[in-house]
Amino acid sequence: MDIHWVMDYETLCNCFIAVFEHYKTNERKIFVVHESRNDFPEFVKFLNECKTTNQWHISYNGLGFDAQITQKILDKQKDLINFDTASLIKFIYNYAQSVIEKTNKGDFADYAPYKLKIKQIDLFKMNHWDNKAKMSGLKWIQYSMDWDNVEEMPHRHDQPVTNNHELESIISYCINDVKSTKEIFNHSKEQILLRQTLTKEYNIDLYSASEPRISKELFLHFLEQKTGISKQDLKTLRTPRDYIVLADCILPYIKFATPEFNKVLDYFRTKVITSTKDGFKYTLNYKGVKTDYGLGGIHGAIDSGAYEAKPGWTIMTSDVVSYYPNLAIKNHWAPEHLPKKEFCELYEWFFDERKKIPKTDPKNYVYKIILNSTYGLTGDANSFLYDPRMTMQITINGQLSLSMLYEMLSLAIPEAQPLMQNTDGLEMMIPDSRVDDYLKVCAEWEKMTQLTLEHDQYSKMIIRDVNNYMAVYKSGKVKCKGAFEWEDLDKKKVAMFHKNKSFLIIPKAIYAYFVHGTKPEDFLDANTNFYDYCGAVKAKSGWHFVDRKIIDGELSNTHLQKIIRYYVSNTGGKLVKCHQDGREIQVESGEWLQTVVNKVDGSKDSNKYDINKKYYLEEIYKQIEGIQEVKTRKATQLSLF
């Protein structure tokens, strides 16, 4: 049987702890270097066994921290084995601090992955939780997957460990981190299998690669083969732009019939930008839908409400197939520094090949990643695909082309009520008798743009805004987006772990109300999953949390950890976020009290806890009424409802 280890280190000023647990069994190894116990010889022997017998280490941020320490110890083992305990701990601690300092400065680590003698799977890197938009520490991921214990380190790293109780508490903490990392590993098996397949096929170490890195590495691999230009040379290529004239980016077929949309076109034609991050915005209100244009994509939605198709009506939903990639493919766009013919042929090859591959084949997903990520890489100054003009060609024409479809449909079917446009598709309510007309207009647009639309029908849309909505297909299936996107969180899909799942009971209840007609009170009575009632907050630099209570007539402030899990309770305290400059913000404003529950012992039945259901019901009804009130107002204006 393969032997690989899930692992974690704790480095303190007078103590080093290493915990390893077999990735499949409960076998565990604990190594301690402290004045009361020195396991360093056994630890070094274990590391060498891992190296010589190809036993991998699986970690959370191991490439950036733990593996750096491992490799330094392996490099210096002949010297370190002769160190006394105090000197040994000092060496490891000082090196760990230097690793952290380099990371904080944004410097490269001492050991690149290819220099590491023990192979690694870094779940932090692999899931892209090192990305600014998804940045998540292990404590946050523990909370997201309903881990029982999300308590932070019980001992400051710069304070000496002076007794056995302190030592055992740190070991227990480290074991908890290893066990939770193992749980993340178990949730990530599909992603790991995909990377294993790619690594073997292309001989590129992708085990800890995020999806954008997979896209970058594989596109580079194929582009080298296609062009004959070496990877090393390709990596140096860029086309920076001092400015971009947007009029030069707009396709010749972009034309409008109404003054409203021609103003949008004129606006884009007058813009000259110096950065794709400029963030300008133009807003159009057409047929009751407010639509925003910018440098990234089109976003527009009717006022919030529950929009249901009455008998004889339907909600058409149409999406452009692989919209941004196909805009580039059909119009033969390429970064200026790359051979145009070869790039365009390769990009189209990825699209055509993906259509041939079953969705169950990992390669299908890989090609999807490559197709979608390539657009983003054209706007990334650190990418060999960087050419911001191509980025603008895609986004500007994407918005204007979709607007053409929006206008064409609105003019052809005057009684239609547009509901939403968002990046690559739109939703529109029309009479059943006009579906053929709708599809005819779409076919005309497809011929003009060389793009392909996919269509379906909804019976109902519950819209808070363009990014937060529920759509009920006529088949009965339901699509949830944004704040209503609870199902993947509930199923603990690893791709969702970076998101905030606080008070999951609320979107679940709103879903049950609008989709199934379930009263929120009945839903709360039936749902006894304690974790659904929990929320979490984290304090950024300069801030900390306190639990404020009156105890025996005296005000008490208990200092809390950086990430806290809590629920709203009938009795408890007020959680307050405090800044070092004196500012204070209540975690939950008003009368509500909260109870911290960073460690859950025993039952997960919500009835066993002092939950204040009045709070949750008020929040649920507040959101429901926020949607329904607008729907009621609009009902007098729109004959459709």
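Everything quoted here is computed from the prediction, not taken from an experiment.

Asks: Can you break down the overall build of the chain residue by residue, with the values?
Replies: Tallying secondary structure elements over the chain gives 19 helices and 25 strands in all. Whereas a compact globule of 641 residues would reach a radius of gyration of roughly 26 Å, the chain reaches 28 Å, a difference of no more than 12%. Along the first, second and third principal axes, the C-alpha atoms of the chain reach 85 × 75 × 50 Å. With 641 residues in all, the chain has 53% of them scored as buried.

Asks: I'd like to hear about the sheet that holds strand S1 (residues 5–12), residue by residue, with values.
Replies: The strand order across the open sheet built from 6 strands is S4-S3-S2-S1-S5-S6, with neighbouring strands paired in mixed fashion. The sheet is open, and its two edges are formed by strand S4 (37–38) and strand S6 (120–122), each paired on a single side. With 2 bridges joining them, strand S3 (residues 28–34) and S4 adopt antiparallel strand pairing. In the sheet register, His34 faces S4, and the bridge partner there is Arg37. Against the sheet, helix H2 (residues 66–80) engages S1 and S6, with an angle of about 80° to S1.

Asks: Tell me about the layout of surface pockets, and please be specific about residues and values.
Replies: Of the voids in this model, the second largest pocket is the one considered here, and its volume is about 450 Å³. His4, Ile121, Ile192, Gln196 and Tyr207 are the residues nearest the centre of the second largest pocket, which is lined by 18 residues in total. At the level of secondary structure, the elements contributing two or more residues to the lining of the second largest pocket comprise helix H6 (164–187) and helix H7 (189–202). Counted by class, the lining of the second largest pocket contains 8 nonpolar, 5 polar and 5 charged residues.

Asks: Go over the pattern of salt bridges, please, and point to the residues and values.
Replies: Inspection of every chain in the model, using the stated rule, returns 33 salt bridges. For Arg156, the salt bridge goes to Asp158, with nearest N and O atoms at 2.7 Å. Residue Asp158 is classed as partly exposed on the basis of its relative accessible area, which comes to 31%. Between Asp465 and Arg464 there is a salt bridge, with its nearest N and O atoms 4.0 Å apart. Overall, the relative accessible area of 36% leaves Arg464 in the partly exposed class.

Asks: Lay out unusual backbone geometry with the relevant residues and their values.
Replies: If you check the backbone angles, His128 has positive phi at about 65° while not being a glycine. Here His128 shows up in the loop between helix H4 (123–126) and helix H5 (138–144). Note on His128: relative accessible area 18%, which makes it buried. Of note, the phi angle at Lys492 is positive, near 60°, even though the residue is not glycine. Given the relative accessible area of 24%, Lys492 is considered partly exposed.

Asks: If you had to explain the sheet that holds strand S20 (residues 543–551) to someone new, which residues and values would you point to?
Replies: Reading across the sheet, the 4 strands line up as S21-S20-S23-S24 and stay open at both edges, with antiparallel pairing between neighbours. Both edges of this open sheet fall to strand S21 (554–559) and strand S24 (584–586), since each of them pairs with a single strand only. Averaged over all adjacent pairs, the angle separating strand axes in this sheet is 35°, with direction ignored.

Asks: Give a description of the packing of aromatic side chains that names residues and reports values.
Replies: By convention here, two paired aromatic rings are described through the distance between centres and the angle between planes. Throughout the structure, instances matching the rule amount to 50 aromatic pairs. Ring geometry for Phe40 and Phe43: centres 6.3 Å apart, planes at 55°, overall tilted. Placement of the pair is Phe40 and Phe43 together in helix H1 (residues 40–52), with a separation of 3 residues, close to one helical turn. Comparing Phe40 with Phe43, the two get one shared label, buried. With 5.6 Å between their ring centres and 85° between their planes, Phe261 and Tyr406 make a pair best called edge-to-face. Residue Phe261 is located in helix H10 (residues 259–269), and its partner Tyr406 is located in helix H14 (residues 388–412); the two are separated by 145 residues in the primary sequence. Phe261 gets classed as buried once you look at its relative accessible area, which sits at 0%. Three or more aromatic residues joined by ring pairs make a cluster, and in this case those are Tyr202, Phe219, Phe222, Phe343, Tyr347, Trp349, Phe350, Tyr367 and Phe384.

Asks: Give a detailed account of the pairing of strand S2 (residues 15–22), specifying residues and quantitative values.
Replies: Taking burial as the measure, the 8 residues of S2 include 8 buried ones, the bulk of the element. Burial along S2 is two-sided: the residues Cys15, Ile17, Val19 and Glu21 and Phe16, Ala18, Phe20 and His22 are all buried. In this sheet, S2 lies alongside S1 in antiparallel orientation, the contact comprising 8 bridges. Counted as the bridge partner of Asp8 is Val19 from S2. Relative to S3, S2 runs antiparallel, the two sharing 6 bridges. By the bridge assignment for S3, Val19 is matched with Ile30. Count of turn residues in the S2/S3 antiparallel hairpin: 5 residues.

Asks: Outline the side chain of Glu217, listing residues and values.
Replies: One can find Glu217 in helix H8 (residues 211–227). If near-sequence neighbours (up to four positions away) are discounted, Glu217 is found in contact with Ile204 and Leu206.

Asks: If you had to explain the packing of H2 against helix H3 (residues 85–105) to someone new, which residues and values would you point to?
Replies: Between H2 and H3, the least distance of the axes is 11 Å, while the angle of their chain directions is 145°. The way H2 lies across H3 gives a crossing that is right-handed. Between H2 and H3, the residues in contact are Gln68, Ile69, Lys72, Ile73, Lys76 and Leu80 and Leu88, Phe91, Ile92, Tyr95, Ala96 and Val99, respectively. Looking at the contact of H2 with H3 residue by residue, the class counts come to 9 nonpolar, 1 polar and 2 charged.

Asks: Go over the packing of helix H11 (residues 323–330) against H14, please, and point to the residues and values.
Replies: Running from N to C, H11 and H14 point in directions that differ by 110°, and their axes come no closer than 10 Å. In terms of axis orientation, H11 runs roughly perpendicular to H14. Every residue of H14 that contacts H11 at Tyr323, Tyr324, Leu327 and Ala328 is listed here: Met390, Ile394, Thr395, Asn397, Gly398, Ser401 and Leu402. Considering only residue class, the contact of H11 with H14 consists of 7 nonpolar, 4 polar and no charged.

Asks: I'd like to hear about the side chain of Asp8, residue by residue, with values.
Replies: Within the element layout of this structure, Asp8 appears in strand S1. The charged side chain of Asp8 is buried without a salt bridge, its nearest counter-charge being Lys139 at 7.9 Å.

Asks: Provide a residue-level description of the pairing of strand S9 (residues 282–286), including the pertinent values.
Replies: Here S9 shows a buried face lined by Tyr282, Leu284 and Tyr286 and an unburied face lined by Thr283 and Asn285. Taken together, the 5 bridges between S9 and strand S10 (residues 289–293) define a ladder with antiparallel strand orientation. Each bridged residue has a counterpart across the sheet, and for Asn285 the counterpart in S10 is Lys290.

Asks: Which residues make up helix H17 (residues 505–516), and what values do they have?
Replies: The end-to-end C-alpha distance of H17, which contains 12 residues, comes to 15 Å, matching closely the 16 Å that a straight helix rising 1.5 Å per residue would cover. With 9 of 12 residues buried, H17 lies mostly within the body of the structure. Within H17 the residues assigned to the buried category are Ile505, Ile506, Pro507, Lys508, Ala509, Ile510, Tyr511, Ala512 and Phe514. Once H17 finishes, Gly517 follows within two positions and takes phi at roughly 75°, a positive value.

What counts, and where the lines are drawn
- Residues numbered from 1 in each chain as written.
- Predicted model: local features only at pLDDT ≥ 70, side-chain atom pairs only at ≥ 80, totals over all residues.
- Heavy atoms only, no water.
- Helix = DSSP H or I, 4+ residues; strand = E, 2+ residues; numbered from the N terminus.
- Rg over C-alpha atoms; globule rule 2.2 N^0.38 Å.
- Buried < 20%, exposed > 50% of the residue type's maximum accessible area, 1.4 Å probe, protein only.
- Pairing = 2+ DSSP bridges.
- Contact = heavy atoms within 4.5 Å.
- Axes fitted to C-alpha atoms, helices over the stretch in contact; angles between N-to-C directions.
- 1 Å grid on protein atoms, 1.4 Å probe; cavity = no way out; pocket = protein on both sides within 12 Å on 5 of 7 lines; lining within 4 Å.
- Points joined across faces, edges and corners; volume = space filled by probe spheres on them.
- Nonpolar A, V, L, I, M, F, W, Y, C, P; charged D, E, K, R; others polar.
- Salt bridge = Lys/Arg side-chain N within 4 Å of Asp/Glu carboxyl O.
- Phe/Tyr/Trp six-rings, centres within 6.5 Å; stacked < 30°, edge-to-face > 60°.
- Left-handed = near helix turned anticlockwise from the far one by under 90°.
- Parallel < 35°, antiparallel > 145°, perpendicular 65-115°, else oblique.
- Lys, Arg positive; Asp, Glu negative; His and termini not counted.
- Expected span 1.5 Å × (residues − 1).

These figures come from the coordinates and say nothing about function on their own.
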